[in-house]
Amino acid sequence: MLNFCLPISPSGRTRKLLMPQAARSSHDSSLKIYFRLLRYLRPFIGLFLVSLFGYVIFASAQPMLAVILKYFVDGLNAPAGVGQQEFPLIGRVELMYGVPILTLIIIAWQGLGSFLGNYYLARVSLGLIDDLRRALFDGLLKLPNRYFDQNNSGHLISRITYNVTMVTGAATDAIKIVIREGLTVVFLFGYLLWMNWKLTLVIVGVLPIIGFTVNNASRRFRKQARKIQAAMGDLTHIASETIQSYRVVRSFGGEDYEAERFRKASAENTVKQLRMVKTSSTFTPLLQFITFSSMSVILFLVLFLRGDASAGELVAYITTAGMLPKPIRQLSEVSATIQRGLAGAESIFSQLDEQPENNQGTVERERIIGRLEVRNLNFTYPDTEQPVLQNINFIAEPGQMVALVGRSGSGKSTLANLIPRFYHHEQGQILLDGVDVQDYTLRNLRQHIALVTQQVSLFNDTIANNIAYGDLASLPRQHIEQAANAANAAEFIERLAQGYDTLIGENGIMLSGGQRQRLAIARAILKDAPLLILDEATSALDTESERHIQVELENMTSNRTTLVIAHRLSTIERADLILVMDQGRIVERGTHSELLPLNGYYTRLHAMKFAEADDEDVVPESSSTV
Ligand code: ATP
Ligand code: MG
C-alpha cells in the first residue's frame, strides 16, 4: 500500500534493469538524496517517534467513525429506535446516549493524535531546516574565493532562503501526509478487509493503475521544480543587482533595460510555475476519475452482493470505502512535494559537497617579523587560459615598504590576493618569514596580514563595530579611536551626531568614498599585523588626508612590512622598492630615484601621473611632491 506514496524508493528496484544509463543514475541519485536527507533526521528520532505515535492515533480514529455509523443506521432500523446496546469501550448503554458519547470520545482521541503528530513533526522539520541552513551558511564561510567568483550571489542567497523552504515542504508536509494518510489508508483498508474481503480485493485491482499514474507524473514534477528554482535565482539576482546599483541604473538611464530584464525573468518564472500547476491540475482530476470509477464498481458490487448484511454494515462499508480516495489522492499529490523538496535538497547538497578552502598547513606562529619573499610565482585564475602573473620574484625585508605600480589589469591586486591565499597558486612560492604560505593554517596566516582591499566592504553597523570587526571586536574603545586617528578618520567621525556609534547603512552608504576608505584603513591599522597590504587604499582621498595617513603609517612601519599598490606617486616615492608591473610581469624594479632616470615604464607612468595630478588637485603641494 505504502509503495506508491513513496514513489522514489520502491519502484526503482524493479525498473532498474530496463532503464537506460542516464535515467538510472538520476533515479539512483534521487534515492541517495532522499536517504541523505533522512540522515539529517537522525538526531530528531525521539521527537519523530512521538509524532509517528500521534499519527497512528489519528489514523486509527478514521474507521472508528464508520463503526459509529453502523450503530446509528442499525439503531434507526430497529423497531423502537432506541434500546440498550453493547458498545466498545463504554459497554452496555442506551443507543440514544451511546452513539453521541462514543463520537465525542473518538473525536477527542483523533484530536490528541493530530496534535501530537503535527506539533512534534514540526519540531523535527524546523530543526532539520535549522541544521541545513546553518550547515549551508557555515560552509559558505569556508568556500574558496573561486566559488564566489563563479556563482552569482542571487543563486547562493536563494539557496539558503528558498531552497531550504522547499526542503521544509518535503520534510513537513510530505512526511506528514505519507505517515498520516498512509496509516489512514492502512486502517481503513484493514477494516474493509475485515468486513468483506472479497469486495475489498476489487479495490486492490485498481491500485496499480493509480500507482502507475503517480509515478509518471512525479518525474515530470521534479524536472519542472528544478527549472523553477533556477528562475527564482535569476529573479533574486536581477533584483539585488538593480537595488545595489540603483545610482548607476538611474544615471545611465538603465531603467528600461532593467525593467525589461526583470520582466522577462518574472514572466519566465510565471510560465514555469503555471506549467507546474497545469501538470498537477490535470493529474489530480485524472486520479480522481480513476478512484471514483472504482467507487462505482464497488457501489454496484455492494448492491449486487449485499447478501444478509444489515443496512448499518453496508453503510459502514461504503462510508469507509468512500473515505479512501481522499487520503489516496493526498498521497498521490505528495510526490510533487517530495520531488520539489528533493530538487531543493539536491542543490543544497551539491553546495555542501563543495571542497572548502585548501587548509592543509600546520604551521602556527604567535607573531612573525614580516619578511615577505616571492619566488618564481606564476598564476592563472581557475578555469581561464591567460596567465595573470608570470615569474614574479622579490623580497620585502621586515619594516620595508614595497610598492606595486603598473597599468590597470597588470595583476597587482591578484598578487596581493595570493599572499593571504584567497586563491591557490600552483607554481612558485610565497614565503612569510621563510615559511611557505601554504604551510600555515589559513587562520593563522591571515592573522599576520592586514589587508585593505581595492573595494571597501563595510557592514550595516556602527562605525566602532566596523573598525573593530571580527577578531578585533574585543579591543577597547580607546584603541579604536587611536586607529581612527591614525587613519585620519577621527575628525569626521567625531563630527557625526552619534560619533563612533553612528550606523552607516548598507556597505556604508551614508559615508563618502574617502570616509569609507579611511574606515577600512583604520580597521587594518587596528589589526596591527606585521604585514600590511594596501590595495589602492587611498585612491579616494585628498592629498592632505593621504599625507596624514602616510605619516602615521611611517611611524608604524618600523615594525611592519607594507605592500602598497597605488597610483598616487606621493605614496610610492618613499618606498624601499618599487616594482613596475606590466601584463603580469615585473618589468622594472628599484627605488624612485633609480627608476626615474631609466626613461622606461616608470618614467612614462610618472609623467602621466604628473599630468593627472596637476589636473585633479588644486592643492599646490600635490604637484610639488612629484
Ligand atoms: P587595477 O589597477 O585596475 O586594480 P590590477 O593590476 O589590480 O588592476 P588585477 O585585478 O590583478 O589587476 O587583474 C589582473 C587580471 O586578472 C585582469 O586581466 C583580470 O581580468 C583578471 N582577473 C582578476 N580577477 C579575476 C578573477 N576573480 N577571475 C578571473 N580573472 C580575474
Ligand atoms: Mg587592482
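Our subject is the structure that appears above.
Residues numbered from 1 in each chain as written. Chains lettered and ligands numbered in written order. Predicted model: local features only at pLDDT ≥ 70, side-chain atom pairs only at ≥ 80, totals over all residues. Heavy atoms only, no water.

A cluster of nonpolar side chains, Leu89, Met96, Tyr97, Ile101 and Ile105, forms an exposed patch at the surface whose accessible area comes to about 520 Å². On the secondary structure map, Leu89 appears in the loop between β1 (84–87) and β2 (91–94). Residue Leu89 is classed as exposed on the basis of its relative accessible area, which comes to 76%. (Patch = residues over 30% accessible without salt bridge, like charges linked within 9 Å, V, L, I, M, F, W, Y side chains within 5 Å. Areas by Shrake-Rupley, 256 points an atom, 1.4 Å probe, with all protein chains shown as cover. Salt bridge = Lys/Arg side-chain N within 4 Å of Asp/Glu carboxyl O. Helix = DSSP H or I, 4+ residues; strand = E, 2+ residues; numbered from the N terminus. Buried < 20%, exposed > 50% of the residue type's maximum accessible area, 1.4 Å probe, protein only.)

The four strands lie next to each other as β4-β3-β6-β7, forming an open sheet whose pairing is antiparallel. With one partner strand each, in any of the chains shown, β4 (387–396) and β7 (435–436) form the two edges of the open sheet. Across two bridges, the pairing between strand β6 (residues 427–432) and β7 is antiparallel. Residue pairing in the sheet places Leu432 in a bridge with Val435 of β7. (Pairing = 2+ DSSP bridges.)

What follows covers the site of ligand 1. Surrounding ligand 1, one finds 13 residues, the nearest of these being Ser408, Lys412, Ser413, Thr414 and Gln454. Between Gly411 and ligand 1, the recorded distance is 3.0 Å, taken from a backbone N or O atom to an oxygen atom. Taking Gln454, its side chain carries an N or O atom lying 2.7 Å from an oxygen atom of ligand 1. Compared with its free state, where it exposes 630 Å², ligand 1 has 64% of that area covered by protein. Here the shell around ligand 1 gets three residues from one element, more than from any other, and that element is helix α12 (residues 412–418). Here the residues of the shell around ligand 1 sort into three nonpolar, seven polar and three charged. (Near = heavy atom within 4 Å. Polar contact = N/O pair within 3.5 Å; in protein donor to acceptor, adjacent residues only side chain to side chain. Nonpolar A, V, L, I, M, F, W, Y, C, P; charged D, E, K, R; others polar.)

It is a probe the size of a water molecule, rolled over the atoms, that shows where empty space is left. Following the criterion strictly, the structure yields three cavities of 30 Å³ or more and no others. Volume-wise, the second largest cavity comes out at about 80 Å³. What lines the second largest cavity is Met401, Leu534, Ala537, Thr538, Glu546, Ile549, Gln550, Leu553, Val564 and Thr571. In terms of residue count, helix α18 (residues 543–556) provides more of the lining of the second largest cavity than any other element does, four residues in total. Residue composition of the lining of the second largest cavity, by class: six nonpolar, three polar and one charged. (1 Å grid on protein atoms, 1.4 Å probe; cavity = no way out; pocket = protein on both sides within 12 Å on 5 of 7 lines; lining within 4 Å. Points joined across faces, edges and corners; volume = space filled by probe spheres on them.)

Attention now goes to the pairing of β2. Of the strand pairs in this sheet, β1 and β2 are connected by four bridges, and their pairing is antiparallel. Bridging across to β2, Glu86 finds its partner in Arg92. Between β1 and β2, which pair antiparallel one after the other, the connecting turn spans three residues, and Leu89 there sits at a positive phi close to 70 degrees.

Within the protein, the atoms that donate to the magnesium ion (ligand 2) are Ser413 (OG) and Gln454 (OE1), at distances of 1.9 to 2.2 Å. Separated by 41 residues along the polypeptide, Ser413 in helix α12 and Gln454 in the loop between β8 (449–452) and α14 (463–467) bring together distant segments of the chain. Residue classification places Gln454 among the partly exposed residues on the basis of a relative accessible area of 42%. (Donors = N, O, S within 2.8 Å, 3.2 Å for Na, K, Ca; no water.)

If you walk across this open sheet you meet the six strands as β8-β9-β10-β5-β11-β12, and the pairing is mixed. The two strands at the open ends of the sheet, each matched to only one other strand, are β8 and β12 (585–590). Geometrically, the sheet is characterised by an average inter-axis angle of 15 degrees between neighbouring strands, direction not taken into account. Sheet analysis places strand β5 (residues 401–406) next to strand β11 (residues 577–582), joined by five bridges and oriented parallel. Following the sheet pairing, Val402 is matched in β11 by Leu577. (Axes fitted to C-alpha atoms, helices over the stretch in contact; angles between N-to-C directions.)

The biggest cluster of nonpolar side chains holds 47 residues, and the ones touching the most others in it are Ile467, Ile493, Tyr500, Leu519, Ile521 and Ile578. Considering each element in turn, this core owes the most residues, seven residues, to helix α17 (residues 513–527). The next biggest cluster of nonpolar side chains, apart from the first, holds 37 residues, and it includes Leu140, Tyr147, Val164 and Leu314. (Core = buried A, V, L, I, M, F, W, Y, C linked by side-chain atoms within 4.5 Å.)

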